[in-house]
Amino acid sequence: MGKRFSARDLLLILFLGAILVSVWLAMVQIDRQWVFIRETQQKLDGQTRDIAEIRRQLRDGVAVAGRSAQDAAATDPGSGFYRAALAEARDDYARGDWLVNAFPSSPQRLTPTISTDTYASRVQEQVLDTLLTRDPESLEWLPLLAASWSVSEDGLSYRFRIRPGARFSDGEPLTAADVAFTYRFIMDERIATPRFRAYYGRIAEVTANGDEVVFRLDEPYYGALEIAGLLPIMAEHFYGRYLQSAEAAEEFNNATGLLFGSGPYKLADPVNWTPGQAVELIRNERYWGRVQPSFDRVIWKIISNDAANLTEFKNGDIDTYNARPLNYRNLLADEALMSRVRHFEYQDARGGYTFIAWNQRRDGKPTWFADRRVREAMTYLTDRQRVVDEVFLGYAETANGPFNPLGPQNNVALATRGYDPDRARALLAEAGFEDRDGDGVIESADGEPFRISLTYPSASDDYKRLVLLLKDLYVTAGVILEPEPTDWPLLLKAIDDKTFDAISLGWSSDFEVDLFQFFHSSQNGPGGDNFVSYDNPELDAVIEAARVQLDENARMALWRSAHEMIWQDQPYTFLLRASRLDFIDARIANVERVRAGLNRPGLWRMPTEWYVPVALQRH
Amino acid sequence: MTEAAGSVADAAEPETFRRQVVRRTWARLGARIGLAWIAVVALCAVFAPFLANSHPLLMERDGVWSSPALSHLGWVDVSLLLAFFALLGAWLLSGRRWVMPLAFTLIGVGTLVSYQIISPPAAVVFEQYRVGLAAGSVETAVFAPVPFSPTDRSRDRPRSLTAPDREHLMGTDEDGADVLSRMIHACRIALGIGLVATGIALVIGIVYGGIMGFFAGWTEILMMRFLEIFESVPQLFLLLMVVAFFGRNIYLMMVVIGLTSWPGYARYLRAEFLKLRKQDFVQAAQACGLPVTSILFRHMLPNGVAPLLVAASFGIAAAILAEAVLSFLGLGVVDEPSWGGMLNQAVGPGGTFAPWLATYPGLAIFLTVFAYNLIGEALRDAIDPHLSRERS
Amino acid sequence: MASYIIRRLLLMLPTLFGISALVFAVMAMAPGGIGANLMSRSGDMRPEERQAMMAYYNERYGLDQPMPVQYLRWLNNISPLGFESLPGGGRGEFGLKVPDLGTSFVKNRPVLDLIGDALPVTLLLNLLTIPLVFAGSIIMGVYTARFRDGAIDVGIGTANLALWSIPAIWMGVLLIGFLASEQYLKWFPTSGLSTLGSGSWTFLPERTADGWRPGYLLDLLWHLVLPVFCLTYSGFAFLTKLTRSSVLENLQADYARTARAKGLSESAVLWQHVFRNSLLPLMTVAATILPGLLIGSVIVESIFSIDGMGRLVVEAVQMRDRETVLSITLITGLLTLASYLVVDICYALADPRVSYD
């Protein structure tokens, strides 16, 4: 402390502080520039190598010959590149420009198989290829990395022939051995991917034989083609070293950004991405596919604040914006914005549905909901249309079963029960619930008032509003509903212990839904998803039959009858399927709604159909 | 000062000292404004069912007159009313020795009895009166000044997030409930949390700090370490953890806020006791062979408690803020009106901003916190002008 | 003095144990456990996957062991003296080692990395705020003391009390709503600390082909205005009062009277003699803001979506990220205790009458 500390000294200290902070900030900035320079350098190196490669190929005549062979395959409607080739043939088609998206929170890691969030899988869709893809309109399987495939008579082995000329983004060829390696890698106990192991565990073995790879099963399963066909192929020469020792495997398990593959895009640096950074994919200049990707870059910024996200979109700094209902409605009124963006409301192929599950067994004893009439009454009391209109502002569809209404599993003959409080009251009275003491609440035969708690995930605002609406609706029939917002870990615990009256949740679903895990009576143990203890032997039989039925039509007929049984029994009151509400910058051409939702790049590893005409390119 | 003089002065002092403090506090404009606002909040809390209620105060249906508002009163409403009138009566009759004990017995017994016997109808359909009036099945109805209950989400004609208009003077929230009604009913949580949480903290703090201040040596060192543990974990962390892990419950929140804010009081009282211990009158009491508890609670506590009052006043403000912050972070009680919870809804998805949901609840929190701080400030100056130098 | 400091440092150890034990106990008692959040939060997991994940995490992180064992294990990891842990999960030699704060289960990154990302942001916020608060308070404190009981004194006192009473959550929402929203004035950015992409800008403002660009520094400052304001306004009340009473005391001291007697003007007495002596209590108080540097901005960071320590902690608590919560509470606890010690030492330095035995 100075001897004569005065006001001037104080100012001086403040001034010095300010200078120090500025210097520090400047250094941070200079560091950023160094990073930028390093990245640019890497890109230049890569391009130099590519140019050398192209020169070599031109000299050898490889490029020209390969091209014409692929052309024939692309114009064939049975090719995975069919739709992309159609887009490429359009007059204004052009390559270039960037597609900029945003994630609300950073993926925790991009490393395949050990990543768990959906954001990481959106990135991986562009970097890793699969054997098959699906036509978004017809939903047929189409070959991607596989040139062709066949299924054995007994449904136990699936044989894929790998397309010649397929290669990874460093130019190494992609072979059947890489496919077998991927399976081996996932099944290795040292790799931290129990999730994948549980899923791919249905496959007994994968063997590579020349350009052919065979997936073998122990018992037939209808979904086996999907499991094998959508396996993201990892490169043995890149990931192989992580299987060499326990330490190497541990290094893989802790890696945040080890992402490398054969897809249309790649990370400039396939090793060092860390969470929090924006994800920037650059064009894979060595992409093996017939149709080269249209965008030069695909970028995901990390914008955790919804307001900031919208601002960025309004400024044109990001190209897509996923809105919540209220926001969507407000934005539609914004004419300036609407003149330069397009909007889409659609049901996502993997959107899933929201439901209320009525617990039929608690503490080993049947609950009131074990009575089918009570469950049906609750469904009649649930005004689904009103939920859709008031909570989701109309941007949702009511649901009456577990199947995607766009798919062939759905039984369209079944009508959704409307709101009918009188019917509900009659059913409840039939089941023995009446208002015996005139207090407005119905009671069971032994005088217990009909009071139930509804557990729901506390993180979601939509659930809160939905449950409050139901509370106000149920009370008119004398049913008291107590909302019980619950943290996710507690919710899982309640499900495992079956300590709840009713629970409201959403299942996300694939296009074809296997009911086994949700409704088969064998799945009501701990860890199973039949947590309402629903038991219908007839339904069990139908589900079992459907799972081993490989014939598509016969299987769909079985699923439809399963749908009807569930519709009769109402183990759940199915609520709705929320629509996805997307705004997309209008300069991006060929964005269209398809049966599977939107033809966005990456859905089932679909080759990119979107592009930006030359005149509109921005970046 | 001789020992005798000290204790004589002390025996005569408390009554006049207390009166002096009250007079000096009252002399400050700030304190008067603060008290006035808290009185308004308290009146709102007590009379909430008569200020904002969907049930009519009086209603004629099929020629029969009834008062749905009265028949829907719950045990909390009744005991609050009882407490209010008991305290009012006690104040009017003040001066007699038996008045305060009687009033508190009345409140205690009344609360227990009403908790046991009062059971308002569980099935509440708020819109039935409005629908009935429109359809003609209800002939006349006299409503409260704000004809909406805090959880009445107007299901007969849903209007969520509407700006203030003639029907909803402060607009509606995202569920369609009337903001003014929720504001009025939220006074209960605000007042309750402040008083109960600070009460718990005071009791723990006084006992703990008293023991620490009276016994020196190892006891004190050990107790000090324990106190430091609680001081060093930020209160907000503990609150967040407990509420996130053990569920959202208003009573749990009160207890936890109380359990995490006592170290300040304990430290305060300890310092005060250390000072007092050296003073003549305590040493005199010790010399006379009085039992420890008697010295602690009859002689030392009344003298050490004054600065605690100041701290408690600021503590109430802090407790109200803590609840508001928790509700704001989305950890509040569902369906229970709370100022912080309403503030949380002001900025919606995509940055849509509802100014009425930001302004009114925020203003209410601010005014209440400010009122308690003003009172605390005035009390501090009244008790001891020198205190204002120390940490609050 | 030295022995006093050593004794105080030793006394900090049991308190630190206590802090970690308290936080660990709260997390251990949490119903539902801390493992469940490691799994997908969307509910789209197949049952066999859920079982497999749970078993895997239990084995990998030892979550199925009794709580005391887990606690001792954690203590061993963070202490500089203990058993070396081997990559295979075994136990190595006993001895000195590098303390390890562990790895966040939820984010699967070392806690130290997470703190390393978040800390500079929070430090920047607070290091800007604290000088502002001190400068403002000192100026106001001196003036309120000079014009004691005048309109300025009462006015500033009441205004500061009012500012102190404004909840940050309200101020933040109002600022965002009115000064940073489309509906009203769009003067400031709503969130974050920099415009996306500003990393590739020049440091100082520059003119580019499509107009004027603010540059990295201005952009950052622009983002800092609202959060720093939110952190600043409530801090004045306490420090102003402290300065005021300290200046008042010094104005009545003998040396001030002597200076006046020498014929110095009142303002000369104030600024040349009293001012520097009055700052001593402020210096000692400065130490107590140490822990605040780390977690003082929890609320403001949440409101303005700034990825600092505050957000890290709130997220970690919600996700039940045990290692992160424990590490941060331990560090703040350490800082709090250290600040107490520093305060006491400052008192001793400033006031030779205080003795330590």
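Residues numbered from 1 in each chain as written. Chains lettered and ligands numbered in written order. Predicted model: local features only at pLDDT ≥ 70, side-chain atom pairs only at ≥ 80, totals over all residues.

Caption draft 1: Quick peek at the interface of chain C and chain B. Counting from both sides, the interface comprises 43 residues of chain C and, opposite them, 41 residues of chain B. The set of elements that each furnish at least two residues to the side of chain C that touches chain B consists of α1 (2–29), α5 (151–165), α6 (168–179), α8 (236–251), α13 (298–303), α14 (309–319) and α15 (322–350) of chain C. In terms of residue class, the side of chain C that touches chain B is built from 26 nonpolar, 15 polar and two charged. (Contact = placed C-beta atoms within 7 Å. Helix = DSSP H or I, 4+ residues; strand = E, 2+ residues; numbered from the N terminus. Nonpolar A, V, L, I, M, F, W, Y, C, P; charged D, E, K, R; others polar.)

Caption draft 2: Structural view of the sheet that holds strand β17 (residues 451–457) of chain A. All names here are of chain A. The strand order across the open sheet formed by six strands is β16-β20-β13-β19-β17-β18, and the pairing between neighbours is mixed. The open sheet has two free edges, formed respectively by β16 (396–398) and β18 (480–486), since each of these has just one partner strand. Between one strand and the next, the sheet's axes are offset by a mean angle of 25°, whatever the strand orientation. In this sheet, strand β19 (residues 502–507) lies alongside β17 in parallel orientation, the contact comprising two bridges. Within β19, the position partnered with Leu454 by the bridge is Ala502. Seen against the sheet, helix α14 (residues 384–391) touches β16 and β20 (572–578) and runs at an angle of roughly 35° to β20. Along the sheet, helix α17 (residues 488–497) makes contact with β17, β18 and β19, crossing β17 at roughly 130°. (Pairing = 2+ DSSP bridges. Axes fitted to C-alpha atoms, helices over the stretch in contact; angles between N-to-C directions.)

Caption draft 3: Region of interest: the confidence of the model for chain C. Residues and elements named next belong to chain C. Averaged over all residues, the pLDDT of chain C equals 80, while 88% of them reach at least 70. Scored below 50 in pLDDT, residues 40–44 makes nine contacts in the model with residues more than four places away or belonging to other chains. Listed scores for the predicted complex are pTM 0.85 and ipTM 0.84. (pLDDT = per-residue confidence, 0-100.)

Caption draft 4: Structural view of the packing of helix α4 (residues 111–146) of chain C against helix α7 (residues 215–232) of chain C. Residues and elements named next belong to chain C. Where α4 contacts α7, the axes come no closer than 9 Å and their chain directions differ by 55°. In this view, α4 runs oblique relative to α7, as classed from their interaxial angle. When the axes of α4 and α7 are compared, the crossing they make is right-handed. Only Leu224, Pro227, Val228, Leu231 and Thr232 of α7 make contact with α4, whose side of the interface consists of Leu125, Leu128, Thr129, Leu132 and Val133. By residue class, the composition of the contact of α4 with α7 is eight nonpolar, two polar and no charged. (Parallel < 35°, antiparallel > 145°, perpendicular 65-115°, else oblique. Left-handed = near helix turned anticlockwise from the far one by under 90°.)

Caption draft 5: Structural context of the environment of Tyr463(A). All names here are of chain A. Among the secondary structure elements, Tyr463 is positioned in helix α16 (residues 461–474). The buried category is assigned to Tyr463, around which 20 C-beta atoms lie within 10 Å. As a C-alpha pair, Tyr463 and Ser504 span 41 residues in sequence and 7.8 Å in three-dimensional space. (Buried ≥ 20, exposed ≤ 12 C-beta atoms within 10 Å, placed from the backbone.)

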